[in-house]
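Now for the letters of each chain:
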Amino acid sequence: MEEIMDEVVAFTLKSRLDEANYKKLLKVNSPTLHKFVAKYVEHCNPDTVFVNDDSEESVEYIRKTAIEAGEEGGLAIDGHTYHFDNSGDQGRDKKNTRILVPKGVDLGPAIDTRDRDAGCEEAHQILNNIMKGRKLFISFFCLGPANSPFTIPCVQLTDSSYVIHNEFLLYRPGYQEFIRRADSNALSKFFRFVHSQGEVDERKVSKNLDKRRIYIDLYHDIVYSTNTQYGGNSIGLKKLAMRLAILKASTEDWLTEHMLVLGIRGPRERMTYFTGAYPSMCGKTSTAMLEGESIVGDDIAYLRRGESEVRAANAERGMFGIIQGVNAKDDPLLWKALNSSGEIIFSNVLVTASGGVHWIDKGVESPQKGLNYSGEWYIGKKDTAGKDIPPSHPNARFTLSLNSLGNADPRLDDPEGFEIGGMVYGGRDSDTCVPVEEAFDWVHGVIVKGACLESETTAATLGKEGIREINPMANLDFLSVPVGRYIQMNIDFVTGLKKAPLIFSVNYFLKDEEGRWLNERNDKKVWYQWMELRVHDDVNAIETPTGFIPIYDDLEILFRESLHKDYSKAEYNKQFTIRIPENLAKIERVKKFYETQVTDTPAILFEVLETQKKRLMDAKGKFGDYIPPFVLLK
Ligand code: OXD
Ligand code: MN
């Protein structure tokens, strides 16, 4: 082994790692890996190095270190811990997240890039000696199920036991996969993540936020993340790997999507799998957790072409979910998991003196005081701007493994993935789209449902909330190929496949003129059940200028049978009225976005929008601005 190692690499590793960890690293027979590790051990200069070999002892060591280092604290329920991020580090930092590209590469105005040389230089300056006095953790993971066409091997280097602990819950272990691939010379490429929380204050939160950088060295499969702990910035395999995976997918003819994967039960125990793209904080996790259905994933899906069908796998195996609003009535499955013993990390919630946790809209009375991301907290505590500090942050999270949930699909790790019957797009839209609608065909769906997805910004990213933004496929924040090319990849994806999935849109956020929600939280179960029936052609639909919508009678039965609710014609008419002025205005906003923000928009996008506009204008001429569904019923 040692002969093939560069002498300097061997020397560095031997002098920096103790014998046990050196041996664990060497078991992965990959000079590329050794060189990479040696470079960053030397550069970041940790005091000690720990190699996670996925053994129970290693994982126990990580759990224990997270507590000892003060990155996590224990809670009353066995296996539960909490973590706080700096109050200025509570969401994805879009401003300081950059894709590094060489000179001459242009991803278009909608994607934030930076010159590779300058970005790498800055990242390395920040990383220099950053781990002095600290421990470096090296851990191997698989994105996608192990040993499958979906697998992407990854290695994470971090000085945060919290980050590694999260990753252990969220991703499939990869040490054996690395050994296997290296031994059979099949480890030519893997994703690499170098993270440091940087200096921390007495609360153990990153304090040099001015040096927070998330730089994605796209063509070298490396991501640097510094001076941050918030999961969306620091957990390499999550949204950082997504940029690398989107590029990889684009060169290998598959898709990396910001999508849940969910099995919906149809009549006679039929199970139909859906993918669903939603921007952060728009109902993706609660949809994936629908009661009675079968969860495969709640955030990132890899989609590949099967022989005649689309197949999807969850890139992850756990959930880094938003906790605000989770309550016993609407989220019984999650509620049970969050209140049972088992491994869960709560971040940025309120911690009480008795070791309990509380969050906004938990559905129980708020404690008077506790500990939260702002320090000691009490009702009425104000921030520096004089605003009330809530008990938990709106972007407070929980991390758990899907296999700790009662509704996890038994084939979660199936290397073949799942055949997909329908693909769904949903945004936060108070006044335009109906609650559920099927696209006319694949291209119409990709463009009008996916590429035109519009949503209001949320607390998942730093910055102002509630601003309407076009967010193609709910994936704009993570794109690493030009937007037009990405849309074309989606259009082309099913070419030649016999069974292209149907495409749908959903909208959980419609409001009436007084600003009241038109739907209840769990109505989405009915929308998914209706889509399930459509995939199998079991129900008819009404053709509107924007797509196919449900017939009242079919929804009435579904509401009654699955939610035990009376669904009135009046509710249906209000929710499914086609709103012509709002739809026309949206087309103009979308056109403007593609004309100004995307330099390589495929011509077909504008053509499909023009045709949709014409259909809307014709309908307006015949029926007026607001068309209740029965008017269109033939
Ligand atoms: C997430 C996000 O954390 O999209 O999943 O912000
Ligand atoms: Mn997400």
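Conventions adopted
- Residue positions within a chain follow its written sequence, with the count starting from 1.
- The naming scheme follows written order: chains are lettered A onward, ligands numbered 1 onward.
- This being a predicted model, a pLDDT of at least 70 is required before a residue's local features are given, and a value of 80 or more before pairs of side-chain atoms are given or counted; all residues contribute to the totals for chains, interfaces and linings.
- Computation of side-chain values covers all heavy atoms of the structure but excludes hydrogens and water.
- Side-chain rings of Phe, Tyr and Trp, where Trp is taken by its six-membered ring, are said to pair if the distance between their centres is within 6.5 Å; with planes under 30 degrees apart they count as stacked, over 60 as edge-to-face, and otherwise as tilted.
- The helix and strand labels rest on DSSP assignments: H or I over at least four residues marks a helix, E over at least two residues marks a strand, and numbering proceeds from the N terminus.
- Partly exposed describes any residue whose relative accessible area lies between the buried limit of under 20% and the exposed limit of over 50%, with all areas from a 1.4 Å probe on protein chains only and scaled to the type maximum.
- In our convention, an over-ring charge means Lys NZ or Arg CZ found within 6 Å of a ring centre and within 35 degrees of that ring's normal.
- Any residue with a non-hydrogen atom lying within 4 Å of a molecule or strand is treated as near it.
- Polar contact criterion, stated in full: a pair of N or O atoms within 3.5 Å, where within protein one must be able to donate a hydrogen and the other to accept it, and residues adjacent in sequence count only if both atoms are side-chain atoms.
- Surface exposure here means Shrake-Rupley accessible area, sampled with a 1.4 Å probe, where a residue is shielded only by the protein chains that are shown.
- Lining residues are those with an atom within 4 Å of a point, where the points come from a 1 Å grid over the protein atoms alone and group into cavities, where a 1.4 Å probe fits but cannot get out, or pockets, open sets with protein on both sides within 12 Å along at least five of seven lines.
- Being in a pocket or cavity means that more than half of the molecule's atoms lie within 2 Å of its grid points.
- All amino acids are sorted into three groups, where Ala, Val, Leu, Ile, Met, Phe, Trp, Tyr, Cys and Pro are nonpolar, Asp, Glu, Lys and Arg are charged, and the leftover types, Gly among them, are polar.
- A pairing counts as a salt bridge when a side-chain nitrogen of Lys or Arg comes within 4 Å of a carboxyl oxygen of Asp or Glu.

A. Broad picture of the packing of aromatic side chains. In total, this model carries 28 aromatic pairs according to the counting rule given. Measuring from ring centre to ring centre gives 6.1 Å for Phe50 and Phe137, while their planes differ by 65°; the resulting arrangement is edge-to-face. Highlighted residues: Phe50 in strand E1 (residues 48–52) and Phe137 in strand E6 (residues 135–143), separated in sequence by 87 residues. Across the pair, Phe137 and Phe50 agree in class, each one buried. Ring-pair connections join several aromatic residues into one group, and the members of that group are Trp527, Tyr552, Phe559, Tyr567, Tyr572 and Phe576. Its end group placed over the ring of Phe36, Arg192 keeps NZ or CZ at 5.3 Å from the ring centre. A cation over an aromatic ring shows up here: Arg317 above the ring of Phe168, its NZ or CZ 5.4 Å from the ring centre.

B. Broad picture of the site of ligand 1. What surrounds ligand 1 is a group of 8 residues, the closest being Arg92, Lys239, Ser280, Asp299 and Arg397. Within the contact set of ligand 1, an oxygen atom lies 2.7 Å away from a side-chain nitrogen or oxygen of Lys239. The contact in question runs from an oxygen atom of ligand 1 to an N or O atom on the side chain of Arg397, over 2.9 Å. Burial of ligand 1 by the surrounding chains reaches 96%, relative to a free accessible area of 210 Å². The cavity that encloses ligand 1 is the largest pocket. By residue class, the composition of the shell around ligand 1 is 2 nonpolar, 2 polar and 4 charged.

C. Up close: the pattern of salt bridges. This structure, assessed with the given rule, holds 49 salt bridges. Arg180 serves as the salt-bridge partner of Glu177, at 2.9 Å between the closest nitrogen and oxygen. Linking Glu177 with Arg180, this pair stays in helix H7 (residues 175–183), spanning 3 residues, or about one helical turn. The class for Glu177 is buried, based on a relative accessible area of 5%. Taking the shortest distance from any N to any O, the salt bridge between Lys614 and Asp618 comes out at 3.1 Å. Here Lys614 pairs with Asp618, and both are found in helix H18 (residues 603–623), just 4 residues apart, close to one helical turn. Judged by its relative accessible area of 41%, Asp618 is partly exposed. Bridged by salt links that share partners, the residues Lys238, Lys239, Lys284, Asp299 and Glu316 form one connected network.

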